[in-house]
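Listed below are the residues making up each chain.
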Amino acid sequence: MKKFTTDSGIEIQPVYSLYKGDVGEPGKFPFTRGVHSDMYRSKLWTMRQYAGFSTAEESNKRYHYLLSQGVMGLSVAFDLPTQIGYDSDHALAEGEVGKVGVAIDSLEDMETLFNGIKLEDVSTSMTINSTAFILLSLYIALAKKQGADLKKISGTIQNDILKEYAARGTYIYPPKPSMKIITDIFEYCNTEVPKWNTISISGYHIREAGSTAVQEIAFTLSNGKAYCEAAIKKGLDINKFGQRLSFFFNAHNNFFEEVAKFRAARRMWAKITEQLGAAEPKAQMLRFHTQTGGSTLTAQQPQNNISRVTLQALAAVLGGTQSLHTNGYDEALSLPTEEAAKIALRTQQIIGFESGVTDTVDPLGGSYFIETLTDRIEEEAWKYIHRIDEMGGSVAAIEAGFMQNEIAKASYNYQQAIETGEKIIVGVNRFTEKAEPPKELLRIDDSIRKVQTEKLAVLRAKRNNKKVEECLSRIKQTSLEEKNIMPAVIEAVENYATLGEIADTLRGVYGEYQG
């Protein structure tokens, strides 16, 4: 008889009955059924569309368009040089400026990016890690220029460096100083920007690198535990900083496994934080953003991706997400066109306003299959976490290459299943057609680097360079004394020090991680 399994290898029985576990209640520990008692009955998830490309001017146009179409929050994509701390005129930035996100070199670019948008009125998520402290400083500096109350601005920086070492690669500094910078952000925002989510602990990129659903939550929660332990060691109260932690997960095509994964992750995080001393319910809650699976999108028959994204978005909603981005159907070929971005947003709106799945809390809760699968995913994920704990925690496990190797093996096995036809991908290895040339795609040419380089030259000619040098010197001294780095970085960006200048100053102190 054929054996059926989830993508994580958990065997699926022909029928499920008589589930005997306690599923609990929504809004109550351990939050298996959701972090709020009424979930979407009172407020839908935040509908975001991840966007950023070319120059700040072009991205600003897209943000105004998305806001006019009903997005509830902005989600900023940065280009690769910005992510790894190089200004657009750096030699290593050549060929990459504005390609996978917007180029941000200075406060001038940030001013242009949010031109006509009041930061007090919008929640902004920024997908940035090794330079997260600089981008947050730029955002704070802009808010101050707008006259905003810093106690009211809200949003999230990803700021999850551990998964960069394990799965993605946009790190700059070694793990220990990187962790120090992250806890500096926790400490600073706790008093100065209290509504800001200081980290989005990310399983998304772990899954994109090829992990299973079980590995995604196991490695992500283990990383989250490491951040909490580092903050506690710094003297911070988990009952306070724990309320500003958020998570970022992937949604793939194995529908019921994805729903169960989100439920299991919530329950596990509640237990982890309780063990670390969290007694305040809001510090025990796993609040998360979801993005549909980029690696599941196919260049072949790209309109099939609309169906994939719909299934994935529905799984995220039934799993209780707080925020959601839906991918454009053309993203396996290019950055999303305006049409693709609109269809992706409309997909969320149809689920939210037409499907009826938001009318009751945790609609699949109590299903024999869902509850059993939630238990099994949790059980398998704990096995990984216990192994990581035995190695000394996430940092030690990453330095030993454990997470990277496990992800690589899972990725290899999945690709093998596709190659042999065991795993069917519609339009790729079954139900194929003769490929048609793609329709209009969004392309970014290399002239963007020239534009950014010229802007930088003008900026450096007109700013107070003596003041900039003083600010950079203060950053260096602060880092050597191991004081909180955020005030010095904010002062530097307010005086129009560039992102690359700040990142290079700290390269001189911490060095670069070689992997």
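So, a few notes on the structure that sits alongside this text. Quantities reported herein were computed from a predicted structural model and do not represent experimental measurements.

1. A word on the overall build of the protein
Helix and strand counts for the protein come out as 20 helices and nine strands. Expected size for 515 residues packed as a compact globule is a radius of gyration near 24 Å; at 22 Å, the protein falls within 12% of this value. With respect to the three principal axes, the spread of C-alpha positions in the protein is 75 × 55 × 45 Å. For the protein, the proportion of its 515 residues judged to be buried stands at 56%. Of all intrachain contacts in the protein linking residues separated by at least 6 positions in sequence, the fraction that spans at least 24 positions is 78%. About 21300 Å² of surface is accessible on the protein, with carbon and sulfur atoms providing 50% of the total. Counting 58 positive and 65 negative side-chain charges, the protein places the averaged centre of each group 2 Å from the other.

2. Considering helix α1 (residues 56-69)
With 14 residues, α1 ought to run about 20 Å at 1.5 Å a step, and its terminal C-alpha atoms sit 20 Å apart, in line with that. For α1, the complete set of buried residues consists of Ala56, Ser59, Asn60, Arg62, Tyr63, Tyr65 and Leu66. Those residues of α1 that are buried are in contact with β1 (46-51), β2 (73-77), α3 (107-113) and α13 (338-353). After α1 finishes, the residue Gly70 shows a positive phi value of roughly 110°.

3. Section: the packing of aromatic side chains
Across all of its chains, the model carries 22 aromatic pairs by this definition. The interplanar angle of 80° and the centroid separation of 5.2 Å between the aromatic rings of Tyr40 and Trp45 together place this pair among those described as edge-to-face. Here Tyr40 and Trp45 have matching classes, each one buried. Centre to centre, the rings of Tyr165 and Tyr513 are 4.9 Å apart; their planes meet at 75°, and the pair counts as edge-to-face. Of this pair, Tyr165 sits in helix α5 (residues 162-168) while Tyr513 is found in the segment after α20 (499-510), placing the two residues 348 residues apart along the sequence. The buried category is assigned to Tyr165, whose relative accessible area is 7%. For Tyr513, a relative accessible area of 22% corresponds to the partly exposed category. One aromatic cluster in this structure is built from Phe247, Phe249, Phe262, Trp269 and Phe288. Lying over the aromatic face of Phe431, Arg430 brings its terminal NZ or CZ to 5.8 Å of the ring centre.

4. Considering the nonpolar core
Phe114, Met126, Phe133 and Ile502 are the most contacted members of the largest nonpolar core, which has 126 residues in total. Once you skip the residues sitting within four places of it in the chain, Phe133 turns out to touch Tyr173, Ile181, Ile185, Met486, Val489, Ile502 and Leu506. Of all hydrophobic cores here, the second largest spans six residues; its members include Phe53, Ala93, Ala103 and Ile448.

5. Here's the deal with the pairing of strand β8 (residues 288-292)
For β8, the tally of buried residues reaches five of five residues, placing the bulk of the element in the interior. Direction of pairing for strand β7 (residues 245-251) relative to β8: parallel, over a ladder of five bridges. Bridging across to β8, Phe248 finds its partner in His289. Where β8 meets strand β9 (residues 323-325), three bridges bridge the pair, whose relative direction is parallel. Opposite Thr290, over in β9, you have Leu324 as the bridge partner. Handedness of the crossover joining β8 and β9 through helix α12 (residues 304-318): right-handed.

6. Observations concerning the environment of Val193
Among the secondary structure elements, Val193 is positioned in the loop between α6 (175-192) and β5 (196-197). The buried category is assigned to Val193, whose relative accessible area is 0%. Between the C-alpha atoms of Val193 and Lys151, which are 42 residues apart in sequence, the distance is 5.2 Å. Those residues in contact with Val193 that lie beyond four places of it in its chain are Ile140, Leu150, Ile153 and Tyr188.

Scoring rules and cut-offs
Residues numbered from 1 in each chain as written. Predicted model: local features only at pLDDT ≥ 70, side-chain atom pairs only at ≥ 80, totals over all residues. Heavy atoms only, no water. Helix = DSSP H or I, 4+ residues; strand = E, 2+ residues; numbered from the N terminus. Rg over C-alpha atoms; globule rule 2.2 N^0.38 Å. Buried < 20%, exposed > 50% of the residue type's maximum accessible area, 1.4 Å probe, protein only. Contact = heavy atoms within 4.5 Å. Areas by Shrake-Rupley, 256 points an atom, 1.4 Å probe, with all protein chains shown as cover. Lys, Arg positive; Asp, Glu negative; His and termini not counted. Charge placed at Lys NZ, Arg CZ, Asp CG, Glu CD. Expected span 1.5 Å × (residues − 1). Phe/Tyr/Trp six-rings, centres within 6.5 Å; stacked < 30°, edge-to-face > 60°. Lys NZ or Arg CZ within 6 Å of the ring centre and 35° of its normal. Core = buried A, V, L, I, M, F, W, Y, C linked by side-chain atoms within 4.5 Å. Pairing = 2+ DSSP bridges. Right-handed = clockwise from strand over helix to strand, strands pointing away.

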